[in-house]
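So the chains spell out like this:
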Amino acid sequence: MSRIDEQRPFLAVRIAILTVSDSRTAADDRSGDTLVELLQRDGHMLAGRAIVKDEVASIAGQLYDWIDNPEVDVVISTGGTGVTGRDVTPEAFESVFEKKIDGFGELFRWISYQKIKTSTIQSRAVGGVAGGTYLFALPGSPSACRDGWEEILKWQLDYRHRPCNLVELMPRLTEHLK
């Protein structure tokens, strides 16, 4: 059973938000706005925000910029995880990953199934790690972003969460580089 251990301190995580879209702008990025609102509500810090086109090189380039930035612990993207020709976010993320977190996409689709049933097969949400930075790609709807945050990321990015969480592993993510 998961729980919050009040004996442990809350540790704010520095999170960058990436919107992948050919059509969104800062003025109408509802999914990005949702993620920013949720992470800040829960005490985390917005470390950066960007909107890039649905192009592997653009997405990967922004990921590498944030991976190389010591002020970014986590990147969460929204958009481009579907199955159409322009949906290339999973391919871009997987080209950057050192390790894939398979359970993230599996759990996201299980949570999504509870709401949208078999339509969840159209989601290719993915998670992984590169250069000591956690990388998560969510679908492009505010509802999917809310589900991904409220049901998975909110808990795994809280150091107080038991029996375990991703934050406590952060100091060990680059062991293979030493």
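Below or above, wherever it landed, is the structure these notes cover. Just so it is clear, the structure is predicted and the values come from calculations on it, not from any experiment.

## A closer look at the nonpolar core
Counting 27 residues, the largest nonpolar core has Ile 15, Val 74, Ile 76, Tyr 134, Trp 149 and Leu 153 as its most contacted members. Those elements giving two or more residues to this core turn out to be strand S2 (14-20), helix H1 (30-41), strand S4 (74-78), helix H4 (102-116), strand S7 (133-138) and helix H5 (142-156). Residue contributions to this core peak at 5 residues, all from H5. Leave out the neighbours within four places in its chain, and Trp 149 touches Ile 15, Leu 38, Leu 39, Arg 41, Asp 42, His 44, Ile 76, Lys 154 and Leu 157. Core analysis: the second largest hydrophobic core is formed by 21 residues, Val 52, Val 96, Phe 97 and Val 126 among them.

## Quick notes on the pattern of salt bridges
If charged atoms from side chains of opposite charge come close, those side chains can pair. Taken as a whole and assessed by the stated rule, the structure comprises 19 salt bridges. A salt bridge links Asp 42 to Arg 41; the shortest N-O distance between them is 2.9 Å. A relative accessible area of 21% places Asp 42 in the partly exposed class. Between Arg 172 and Glu 175 there is a salt bridge, with its nearest N and O atoms 2.8 Å apart. Taken together, the salt bridges that share partners define one network made up of Asp 5, Arg 8, Arg 162 and Glu 168.

## Side note on the sheet that holds S4
With mixed pairing, 6 strands are arranged side by side in an open sheet as S3-S2-S4-S7-S6-S5. The sheet is open, and its two borders are formed by strand S3 (45-52) and strand S5 (99-100), each paired with just one other strand. The pairing of S2 with S4 spans 5 bridges and is parallel. Bridging across to S4, Ile 17 finds its partner in Ile 76. Sheet contacts for H1: S2, S3, S4 and S7; angle to S3, the most-contacted strand, approximately 175 degrees.

## Some points on helix H2 (residues 56-67)
Taking 1.5 Å as the rise per residue, H2 with 12 residues should run 16 Å; its terminal C-alpha atoms sit 16 Å apart, in good agreement. Every buried residue of H2 is accounted for by Ile 59, Ala 60, Gln 62, Leu 63, Trp 66 and Ile 67. Summarising the axial view, the buried residues of H2 lie within an arc of 160 degrees, below the 170-degree limit, and thus occupy one face. Looking at the buried side of H2, the elements it contacts are S2, S3, S4, helix H3 (89-96), strand S6 (126-130) and S7.

## Regarding the side chain of Glu 150
By secondary structure assignment, the location of Glu 150 is in helix H5. Reaching out from Glu 150, the side chain makes a polar contact with the side chain of Arg 41 at a distance of 2.9 Å. Apart from the residues lying within four places of it in its own chain, the contact partners of Glu 150 are Leu 38, Arg 41 and Trp 155.

## Observations regarding the environment of Leu 38
Checked against the element boundaries, Leu 38 lands in helix H1. By relative accessible area, which is 0% here, Leu 38 ends up buried. For the pair Leu 38 and Trp 149, spaced 111 residues apart in sequence, the C-alpha separation works out to 7.4 Å. Setting aside residues up to four positions removed in sequence, Leu 38 forms contacts with Cys 145, Arg 146, Trp 149 and Glu 150.

## Describing the pairing of S6
Across the 5 residues that make up S6, a large majority, 5, are buried. Going residue by residue along S6, you find Val 126, Gly 128 and Ala 130 tucked away on one face and Gly 127 and Val 129 tucked away on the opposite face as well. Relative to S6, S5 runs antiparallel, the two sharing 2 bridges. Bridge pairing in S6 links Lys 100 to Gly 128. Pairing of S6 with S7, which is carried by 5 bridges, proceeds in the antiparallel orientation. Pairing of Val 129 across the sheet is with Tyr 134, part of S7. Adjacent in sequence and paired antiparallel, S6 and S7 are bridged by 2 residues, among which Gly 131 carries a positive phi angle near 55 degrees.

Calculation criteria
- Residues numbered from 1 in each chain as written.
- Predicted model: local features only at pLDDT ≥ 70, side-chain atom pairs only at ≥ 80, totals over all residues.
- Heavy atoms only, no water.
- Core = buried A, V, L, I, M, F, W, Y, C linked by side-chain atoms within 4.5 Å.
- Buried < 20%, exposed > 50% of the residue type's maximum accessible area, 1.4 Å probe, protein only.
- Helix = DSSP H or I, 4+ residues; strand = E, 2+ residues; numbered from the N terminus.
- Contact = heavy atoms within 4.5 Å.
- Salt bridge = Lys/Arg side-chain N within 4 Å of Asp/Glu carboxyl O.
- Pairing = 2+ DSSP bridges.
- Axes fitted to C-alpha atoms, helices over the stretch in contact; angles between N-to-C directions.
- Expected span 1.5 Å × (residues − 1).
- Arc of directions from axis to C-beta.
- Polar contact = N/O pair within 3.5 Å; in protein donor to acceptor, adjacent residues only side chain to side chain.

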